[in-house]
Each structure stands twice: as C-alpha cells, then as structure tokens.
Amino acid sequence: MIGEKAMNSMDPMLFTRFWLLLAAVGGAILPVALSDEPSRKRAIVQVVCGALMAIFLAPALERRFMPDSAAEVQAGVSFLIGFFGLKLASLAQRLIDTRGESIANRVIDRIAGGDKP
C-alpha cells in the first residue's frame with residue numbers, strides 16, 4: 001500500500017526517466033552477463049559506458065524519429081542501445097580506422113565541390 005501510494009504521488013516525468021535509466025542499465029548489464037570475460041574492472045566499464053550511451057543517445061533518437069512514442073517504446077530503445085551500443089561503437093571505430101581517410105576525402109569533396117576535371 002505504501003509503495004502504491006508513493007507511485008501515485010510521484011511525478012510521471014520522474015517515473016518515466018527512472019524507467020528509462022533502468023532500461024539503459026539493464027541493457028548494458030546483459031552483454032556483460034553473457035560474456036566470458038572474468039575482469040570485474042572491464043565489466044564495470046562496459047556497463048557504465050553502455051548505460052551512458054543509452055542515456056544520452058536514446059532521447060535524441062526518440063525525439064528525432066519517434067517524438068510521440070510511449071514510455072515503453074522509449075524504454076525498449078534505451079535497452080537496445082545499452083545492449084548493442086558498445087558493439088556498434090566498436091564497429092564504427094574499426095571502420096574509421098580502416099577507411100576513415102577515404103571516407104573523409106569523399107565527404108570533403110562532396111561539401112567543397114571536389115576537383116572537377
């Protein structure tokens with residue numbers, strides 16, 4: 001009864017933000033729980049970084065692509081970013097390391113007009 005009364009008196013926006021934080025942390029914890037990595041230090045860093053990605057990236061994606069979505073959908077997006085965010089960042093980093101210069105040159109040519117024969 002006390003918990004229900006507290007939930008009813010809680011600000012809905014605060015509850016939604018707490019729900020999204022919980023989803024972000026949960027999504028970040030899952031890959032660590034599934035890995036065979038024995039290092040606690042690395043596990044903590046992965047959870048913190050995955051949660052931070054979800055906390056900062058999910059609202060931007062939701063505002064841009066799903067502005068009127070329900071809290072449950074927002075929590076799902078936060079969870080997925082927490083879960084896959086570090087893997088996607090790692091893939092992007094590898095892409096930049098291997099092809100970054102050619103991609104940058106193409107972007108610069110497109111913006112600046114490039115050399116026309």
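Everything below is about the structure printed above this text.
Nothing here was measured: the structure is a model prediction, and the numbers come from that model.

### A look at the overall build of the chain
Part 1 of the argument: Broken down by element type, the chain carries four helices and zero strands.
Part 2 of the argument: Moving toward the C terminus, one meets the helices and strands of the chain in the order α-α-α-α.
Part 3 of the argument: The buried share of the chain, reckoned over its 117 residues, is 18%.
Part 4 of the argument: Long-range contacts, defined as pairs at least 24 residues apart, comprise 69% of the intrachain contacts of the chain with a sequence gap of at least 6.
Part 5 of the argument: Working note: accessible area of the chain is about 9,400 Å², and carbon and sulfur atoms make up 65% of it.

### Concerning the packing of helix 2 (residues 12-34) against helix 4 (residues 71-112)
Part 1 of the argument: As a packed pair, helix 2 and helix 4 sit with axes 7 Å apart at the nearest point and diverge in direction by 30°. Accordingly, the angle class assigned to the pair helix 2 and helix 4 is roughly parallel. Helix 2 and helix 4 meet at a crossing whose hand is right-handed. Within the contact between the two elements, helix 2 uses Thr 16, Trp 19, Leu 20, Ala 23, Ala 24, Gly 26, Gly 27, Ala 28, Leu 30, Pro 31 and Leu 34 and helix 4 uses Ala 71, Glu 72, Gln 74, Ala 75, Ser 78, Phe 79, Gly 82 and Phe 83.
Part 2 of the argument: Taken together, the residues of the contact of helix 2 with helix 4 break down into twelve nonpolar, six polar and one charged.

### What about a nonpolar patch on the surface?
Part 1 of the argument: Taken together, the side chains of Leu 30, Leu 34, Phe 79, Leu 80, Phe 84, Leu 88 and Leu 91 define a hydrophobic patch exposed on the protein surface, amounting to about 670 Å² of accessible area.
Part 2 of the argument: For the nonpolar patch, the element with the highest residue contribution is helix 4, accounting for five residues.
Part 3 of the argument: For Phe 79, the position within the fold is in helix 4.
Part 4 of the argument: For Phe 79, a relative accessible area of 30% puts it in the partly exposed group.

### Remarks on helix 4
Every α-helical turn comprises 3.6 residues, leaving residues that sit three or four positions apart pointing alike.
Part 1 of the argument: The end-to-end C-alpha separation of helix 4 is 42 Å, well short of the 62 Å expected for 42 residues at 1.5 Å each.
Part 2 of the argument: Of all the bends in helix 4, the largest measures some 80° and sits at Arg 99.
Part 3 of the argument: Tucked inside the fold, the buried residues of helix 4 contact helix 2 and helix 3 (40-65).
Part 4 of the argument: Just past helix 4, the residue Gly 113 takes up positive phi, approximately 100°.

Cut-offs used in this document
- Residues numbered from 1 in each chain as written.
- Predicted model: local features only at pLDDT ≥ 70, side-chain atom pairs only at ≥ 80, totals over all residues.
- Heavy atoms only, no water.
- Helix = DSSP H or I, 4+ residues; strand = E, 2+ residues; numbered from the N terminus.
- Buried < 20%, exposed > 50% of the residue type's maximum accessible area, 1.4 Å probe, protein only.
- Contact = heavy atoms within 4.5 Å.
- Areas by Shrake-Rupley, 256 points an atom, 1.4 Å probe, with all protein chains shown as cover.
- Axes fitted to C-alpha atoms, helices over the stretch in contact; angles between N-to-C directions.
- Parallel < 35°, antiparallel > 145°, perpendicular 65-115°, else oblique.
- Left-handed = near helix turned anticlockwise from the far one by under 90°.
- Nonpolar A, V, L, I, M, F, W, Y, C, P; charged D, E, K, R; others polar.
- Patch = residues over 30% accessible without salt bridge, like charges linked within 9 Å, V, L, I, M, F, W, Y side chains within 5 Å.
- Salt bridge = Lys/Arg side-chain N within 4 Å of Asp/Glu carboxyl O.
- Expected span 1.5 Å × (residues − 1).
- Bend = angle between axes of the 7 residues up to and from the residue.

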